[in-house]
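One letter stands for each residue in the lines below.
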Amino acid sequence: MQQPIRVVLFDLGGVLIRLRGVPVLLRHLAGRMDEAELMRRWLASPAVRAFESGNGTLEAFCRDMVAELDLPMDEAGFLEVFRTFLDGPYPGVAQTLPVLAGRIPVGILSNTSDPHWQEALRLLPELGLAKWHFLSYRMRLIKPDAAMFRAVLDQLGEAPETVLYFDDHPANVEAARALGIQAVPVNGFGEAVEALEALGLL
């Protein structure tokens, strides 16, 4: 018999909050790479991994990203762009999170940095209702590495199959599923709501 869901975890960007970093960077790249190539390089970037796992400074991150992507700006210019990456919550998130959190424990599981987390809290104060904030820069771990998902399961103290997780990146979904977590790929909050309703959690 399938065990009931005991915890719901959400990725942050692309699931709860809209992102605009890719189109912003593409404008500055002026056709030198497409969206798929930019995403590939961002996700594989040593600078991104170091910064989002809490192992690098903001200054070093900005300097290294300008160099890695050969951007036509200095470190200060990239910082200004970086601070605009979050574009506000998806429709319905602010109304739905309190309802869901009143029915089942909710957590955030995200690769992020302190500047973006602080901005996310400003844009969506309801994130404070989540029982857990599993943030890469605080944990010094990063998705899709199995170590991050194992650390999350250890802190939850729940069987993997009782944890429902929504993420917009296939690599993260696959890594979570490999450990037995019920990971669901979604593109935006609406698809997460559909899955939650199908499971009777909303």
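Structure's up top.
Residues numbered from 1 in each chain as written. Predicted model: local features only at pLDDT ≥ 70, side-chain atom pairs only at ≥ 80, totals over all residues. Heavy atoms only, no water.

1. Considerations on the overall build of the protein chain
Looking only at helices and strands, the protein chain has 11 helices and 7 strands in total. Against the globule reference of 17 Å for 202 residues, the protein chain gives a C-alpha radius of gyration of 17 Å, in line with a compact fold. Reported as C-alpha extents along the three principal axes, the dimensions of the protein chain are approximately 55 × 30 × 25 Å. Residues counted as buried form 48% of the 202 residues belonging to the protein chain. Long-range pairs, those at least 24 residues apart, make up 67% of the contacts in the protein chain between residues at least 6 apart in sequence. Carbon together with sulfur atoms contributes 52% to the accessible area of the protein chain, which is approximately 9,600 Å² in total. Of the charged side chains in the protein chain, 18 are positive and 26 negative; the average position of the first set lies 3 Å away from that of the second. (Helix = DSSP H or I, 4+ residues; strand = E, 2+ residues; numbered from the N terminus. Rg over C-alpha atoms; globule rule 2.2 N^0.38 Å. Buried < 20%, exposed > 50% of the residue type's maximum accessible area, 1.4 Å probe, protein only. Contact = heavy atoms within 4.5 Å. Areas by Shrake-Rupley, 256 points an atom, 1.4 Å probe, with all protein chains shown as cover. Lys, Arg positive; Asp, Glu negative; His and termini not counted. Charge placed at Lys NZ, Arg CZ, Asp CG, Glu CD.)

2. What to know about the pairing of strand β6 (residues 163-167)
The buried count for β6 comes to 5 of 5 residues, which makes it a mostly enclosed element. Alternating positions in β6 separate into two faces, V163, Y165 and D167 on one and L164 and F166 on the other, with burial throughout. Relative to β6, strand β1 (residues 7-10) is paired through 4 bridges, and the arrangement is parallel. Across the sheet, the residue bridging to V8 is L164, located in β6. Here β6 pairs with strand β7 (residues 182-185) via 4 bridges, running parallel. Residue pairing across strands places Y165 opposite A183, the latter belonging to β7. You can see the chain leave β6, run along helix α10 (residues 170-178) and come back into β7, and the turn it takes is right-handed. (Pairing = 2+ DSSP bridges. Right-handed = clockwise from strand over helix to strand, strands pointing away.)

3. Here's the deal with a negative patch on the surface
There is a patch of like negative charges on the surface, built from E59, D74, E75 and E80. Positionally, D74 belongs in the loop between α4 (58-69) and α5 (75-82). (Patch = residues over 30% accessible without salt bridge, like charges linked within 9 Å, V, L, I, M, F, W, Y side chains within 5 Å. Salt bridge = Lys/Arg side-chain N within 4 Å of Asp/Glu carboxyl O.)

4. Brief notes about the environment of L202
Position of L202 among the secondary structure elements: in the segment after α11 (189-198). With relative accessibility at 28%, the residue L202 sits in the partly exposed group. Taking the C-alpha atoms as reference, L202 lies 8.4 Å from R103; in sequence the two are 99 residues apart.

5. Some thoughts on the packing of α4 against α5
Running from amino to carboxyl end, α4 crosses α5 at an angle of 100°, the nearest separation of the two axes being 9 Å. Considering their axes alone, α4 and α5 lie roughly perpendicular with respect to each other. Touching L58, E59, F61, C62, R63, M65 and V66 of α4 are E75, F78, L79 and F82, all from α5. Across the contact of α4 with α5, the residue classes tally to 8 nonpolar, no polar and 3 charged. (Axes fitted to C-alpha atoms, helices over the stretch in contact; angles between N-to-C directions. Parallel < 35°, antiparallel > 145°, perpendicular 65-115°, else oblique. Nonpolar A, V, L, I, M, F, W, Y, C, P; charged D, E, K, R; others polar.)

6. Points about the pattern of salt bridges
Tallied over the entire structure, the rule returns 10 salt bridges. Of the charged contacts in the structure, one is a salt bridge between D70 and R32, with a shortest N-O distance of 3.9 Å. A residue pair is termed long-range when its members are at least 10 positions apart, and D70 in the loop between α4 and α5 and R32 in the loop between α1 (21-29) and α2 (35-44) qualify at 38 residues. Between D64 and R63 there is a salt bridge, and its shortest N-O distance comes to 3.4 Å. Classification of D64 by relative accessible area gives partly exposed; the value is 28%. Through salt bridges with shared partners, a single ionic network connects D11, K143 and D167.

7. Concerning the sheet that holds β1
The strand order across the open sheet built from 5 strands is β5-β4-β1-β6-β7, with neighbouring strands paired in parallel fashion. The open sheet has two free edges, formed respectively by β5 (132-135) and β7, since each of these has just one partner strand. Averaged over all pairs of adjacent strands, the angle between strand axes in this sheet comes to 20°, irrespective of strand direction.

8. Notes on the packing of aromatic side chains
Evaluated as defined, the whole model comprises 12 aromatic pairs. Here F51 and F61 contribute two aromatic rings whose centre-to-centre distance is 4.5 Å and whose plane-to-plane angle is 15°, an arrangement assigned as stacked. On the criterion of sequence distance, the pair formed by F51 in helix α3 (residues 46-52) and F61 in helix α4 is long-range, its members being 10 residues apart. Both residues of the pair, F51 and F61, count as buried. Ring pairs connect the aromatic residues W42, F51, F61, F78, F82 and F85, which therefore count as one cluster. (Phe/Tyr/Trp six-rings, centres within 6.5 Å; stacked < 30°, edge-to-face > 60°.)

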